[in-house]
Amino acid sequence: MKVAIFSAKPYDQEHLNPANQGQHELTYFEAHLNPQTAILAKGFDAVCCFVNDTLNAETVRTLGEAGVRMIAMRCAGYNNVDLEAARKFGIRVARVPEYSPYAVAEHAVALILDLNRNIHRAYNRVRENDYSLSGLLGFDLHGKTVGVVGTGKIGVAFARIMSGFGCQVLASDPVENPDLQGFARYVDQELLLREADIISLHCPLLPQTHHLINAETIQMMKPGVMIINTSRGGLIDTPAVIDGLKSEQIGYLGLDVYEEEAELFFEDYSNVLLQDDVFARLLTFPNVVVTGHQAFFTQEALSAIAEITINNLCAFEQSESEGVEWVV
Ligand code: NAD
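A brief look at the structure comes next.

The rules behind these values
- Residues numbered from 1 in each chain as written.
- Predicted model: local features only at pLDDT ≥ 70, side-chain atom pairs only at ≥ 80, totals over all residues.
- Heavy atoms only, no water.
- Near = heavy atom within 4 Å.
- Polar contact = N/O pair within 3.5 Å; in protein donor to acceptor, adjacent residues only side chain to side chain.
- Areas by Shrake-Rupley, 256 points an atom, 1.4 Å probe, with all protein chains shown as cover.
- Nonpolar A, V, L, I, M, F, W, Y, C, P; charged D, E, K, R; others polar.
- Pairing = 2+ DSSP bridges.
- Helix = DSSP H or I, 4+ residues; strand = E, 2+ residues; numbered from the N terminus.
- Contact = heavy atoms within 4.5 Å.
- Axes fitted to C-alpha atoms, helices over the stretch in contact; angles between N-to-C directions.

1. Some remarks on the site of the ligand
- Taken together, the neighbourhood of the ligand is formed by 25 residues, with Tyr99, Lys153, Ile154, Asp173 and Thr230 sitting nearest.
- Contacts to the ligand include Asp173, whose side-chain N or O atom sits 2.6 Å from an oxygen atom.
- The side chain of Asp256 places a nitrogen or oxygen atom 3.0 Å from a nitrogen atom of the ligand.
- Notes on the ligand: free accessible area 860 Å², of which the protein chains cover 86%.
- The residue inventory of the shell around the ligand, partitioned by class, reads 11 nonpolar, 10 polar and four charged.

2. Some thoughts on the sheet that holds strand β10 (residues 225-229)
- Taken in spatial order, the seven strands of this open sheet run β8-β7-β6-β9-β10-β11-β12, and their pairing is parallel. The open sheet has two edge strands, β8 (185-186) and β12 (288-290), and neither has a second partner.
- Pairing of strand β6 (residues 145-149) with strand β9 (residues 198-201) involves four bridges; the strand directions are parallel. Across the sheet, the residue bridging to Val146 is Ile198, located in β9.
- Against the sheet, helix α4 (residues 101-117) touches β9, β10, β11 (250-255) and β12, its axis set at about 145° to β10.
- Across the sheet, helix α6 (residues 153-164) lies against β6, β7 (168-172) and β9, angled at about 175° from β6, the strand it touches most.

3. A look at the side chain of Ser7
- For Ser7, the location among the structural elements is in the loop between β1 (2-5) and α1 (10-20).
- Separated by 2.6 Å, the side chains of Ser7 and Asp53 make a polar contact.
- The contacts of Ser7, once residues within four sequence positions are left out, are Asp12, Phe29, Glu30, Ala31, His32, Leu33, Phe50, Asp53 and Arg74.

And the structure:
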């Protein structure tokens, strides 16, 4: 099949080409897929997209009219795809449901350890020949309560690691996962928010989970709580979190995702002035660490994403459904 790969980076090519082994004709576009660029897909059978491509109704309509028959997401989340529009135009949508839950879970843990022990501040101090410890005081993770919102593949991997640190793990999810038995206790979400010293988000972005962390829920939390979001930016109302940081209700914030990240992440803007004032304010807090949607970014995960994406394309071409998680 002829496949147009959007938001393509050199590392995508380095993993997709060997996985493809010449089975499909892959064309790489650096551009994001959005209503303006969708016309580039004319003449292709499929498009392959990533987290910050905009597959809204307008984009999907252009894809449908251009003859595209499949959208192969090379990520787990698909909140950026208008599924109704895909159905309407008879376009099938596949995703990569599981490539390495450990990659994302371990990154969430890295953010916790960094924030708790002030590694980001210590790194800068030592480089300045400053070995003072004031302001670097951390806390033992052992014995603390960790709340995991969303106990799918990543949430379970995360809960197991935190349990290994000697934490008490609380979980909330409309569907209980038996893999967590012995590692965590399910409670309702409000209790989790009230009891946890550390809250880590691992649920998808849905209308029900949009701004799950907001002014009201922040007020329920323990003063000085640590919030970690490696899931999707829209789970957090960022201005409310900034207020929470200013009042010290939130003691630590670790983000790998940001609601308006599509304008920023994955690009080098080091020579450009930052225009997003909300994001700029976040970066002023010493107790906030932000990474640019890199939780998935491990060798193992990129190889698995490439293999599964190529398998999904092959399955579509051969009208086989086995082993494919079709979203539409
Ligand atoms: P998954 O589908 O295995 O698990 C998601 C879980 O969330 C499910 O158990 C579901 O029941 C639960 N859930 C749904 N609504 C909920 C709610 N209202 N409250 C609590 N739980 C709810 O997904 P996963 O593979 O574990 O991935 C989780 C999320 O991580 C994805 O949706 C994606 O947004 C994000 N992600 C981020 C990165 C990154 O690089 N930062 C990479 C991969 C995935």
